[in-house]
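Per-entry structural report
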Amino acid sequence: STILAVLIGTLAAVGLRRAGRRARATLTGLFLAPMMVPVVVTAVAMYRSALDVGLNGTLLGLCLAHAILAIPFVVINVGVSLRGVNESWLRAADGLGAGPWTVFRTVTLPNILPGIVGGAVFSFISSFDEVVVAIFLAGYSSKTLPVKIWESIRLEFTPTVAVAATAMIALAVLLFIVAQATMRKNAAGRA
């Protein structure tokens, strides 16, 4: 779900930058809606949609739902990074004969990489930590760790739950450290 969210969110952020003023406002609202709508409402809507297309209880349905919830984090982070890309750099690369893909790969991508990494970290953590949507969409074969923790707490509290929660916190801290190191490395490379 993180890979899918990063791909769609990055493309959306780049597209939003090029969109007109009204289209940008409308599309930004659309891409950020999963962050603004209460999770229970989103979970019920995703559950109903998954039933209609036969994805309820499947790993694919769960991954798609988590990707939808994670896209806003990528759009925001990459959008912030795109503000640091000077339009004259893009025009200069274009004027020197670089094609659109080469301009993106050599100018835009290195400058938005910290936003992509930050968006990936946030999307992974939001997906990894999501309980409500996972309860609605997960089948018996695709239960996530937070759902297992929730079920364990409902029945009885065991030390296993504390260990799993500690592991989740440690993973989140580790991912933030990696993101910070990537951003510092990129900033040092610019200097």
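You'll find the structure just up there.
Scope of this entry: the structure provided in the associated data block.

The rules behind the values
- Residues numbered from 1 in each chain as written.
- Predicted model: local features only at pLDDT ≥ 70, side-chain atom pairs only at ≥ 80, totals over all residues.
- Heavy atoms only, no water.
- Salt bridge = Lys/Arg side-chain N within 4 Å of Asp/Glu carboxyl O.
- Helix = DSSP H or I, 4+ residues; strand = E, 2+ residues; numbered from the N terminus.
- Core = buried A, V, L, I, M, F, W, Y, C linked by side-chain atoms within 4.5 Å.
- Buried < 20%, exposed > 50% of the residue type's maximum accessible area, 1.4 Å probe, protein only.
- Contact = heavy atoms within 4.5 Å.
- Patch = residues over 30% accessible without salt bridge, like charges linked within 9 Å, V, L, I, M, F, W, Y side chains within 5 Å.
- Areas by Shrake-Rupley, 256 points an atom, 1.4 Å probe, with all protein chains shown as cover.
- Arc of directions from axis to C-beta.
- Axes fitted to C-alpha atoms, helices over the stretch in contact; angles between N-to-C directions.
- Parallel < 35°, antiparallel > 145°, perpendicular 65-115°, else oblique.
- Left-handed = near helix turned anticlockwise from the far one by under 90°.
- Nonpolar A, V, L, I, M, F, W, Y, C, P; charged D, E, K, R; others polar.

In the structure shown here, the tally under the stated rule is two salt bridges. A salt bridge links Arg48 to Asp52, with the shortest nitrogen-to-oxygen separation between them at 3.4 Å. Here Arg48 and its partner Asp52 are both found in helix 3 (residues 39-53), four residues apart, which amounts to about one turn of the helix.

Turning to the nonpolar core, a few remarks are in order. Core analysis: the largest hydrophobic core is formed by 21 residues, its most contacted members being Ala5, Val78, Leu82 and Ile112. Listed by contribution, the elements that provide at least two residues to this core are helix 1 (2-18), helix 4 (59-82), helix 5 (87-95) and helix 6 (100-129). Top element by residues in this core is helix 4. It accounts for seven residues. If we skip the residues at most four places from it in the chain, Ala5 touches Thr10, Ala67, Ala70, Ile71, Val74 and Ser123.

Residues Ile3, Leu4, Leu7, Ile8, Leu60 and Leu64 make up a contiguous nonpolar surface patch of about 540 Å² in total accessible area. Counting only elements with at least two residues in the nonpolar patch, the list comes to helix 1 and helix 4. The leading source of residues in the nonpolar patch is helix 1, at four residues. Within the secondary structure, Leu64 sits in helix 4.

Further remarks concern helix 8 (residues 145-155). Among the residues of helix 8, Pro146, Val147 and Ile149 are the ones counted as buried. Here the buried residues of helix 8 occupy an arc of 160 degrees about the axis, which is enough to place them on one side.

Here we come to the side chain of Ser127. Along the polypeptide, Ser127 turns up in helix 6. Exposure remark for Ser127: the relative accessible area of 11% places this residue in the buried category. Dropping the residues within four chain positions of it, Ser127 is found in contact with Ser1 and His66.

So, about the packing of helix 4 against helix 6. Working note: a packed helix pair is described by the angle between its axes plus the distance between those axes. Between helix 4 and helix 6, the shortest axis-to-axis distance is 8 Å and the interhelical angle comes to 150 degrees. Between helix 4 and helix 6, the crossing angle belongs to the class labelled roughly antiparallel. Here helix 4 runs over helix 6; the crossing is right-handed. In this structure, helix 4 contributes His66, Ala70, Phe73, Val74, Asn77, Val78, Ser81 and Leu82 to the contact, and helix 6 contributes Thr108, Asn111, Ile112, Pro114, Gly115, Ile116, Gly118, Gly119, Phe122, Ser123, Ser126 and Ser127. Classifying every residue of the contact of helix 4 with helix 6 by side-chain character gives nine nonpolar, 11 polar and no charged.

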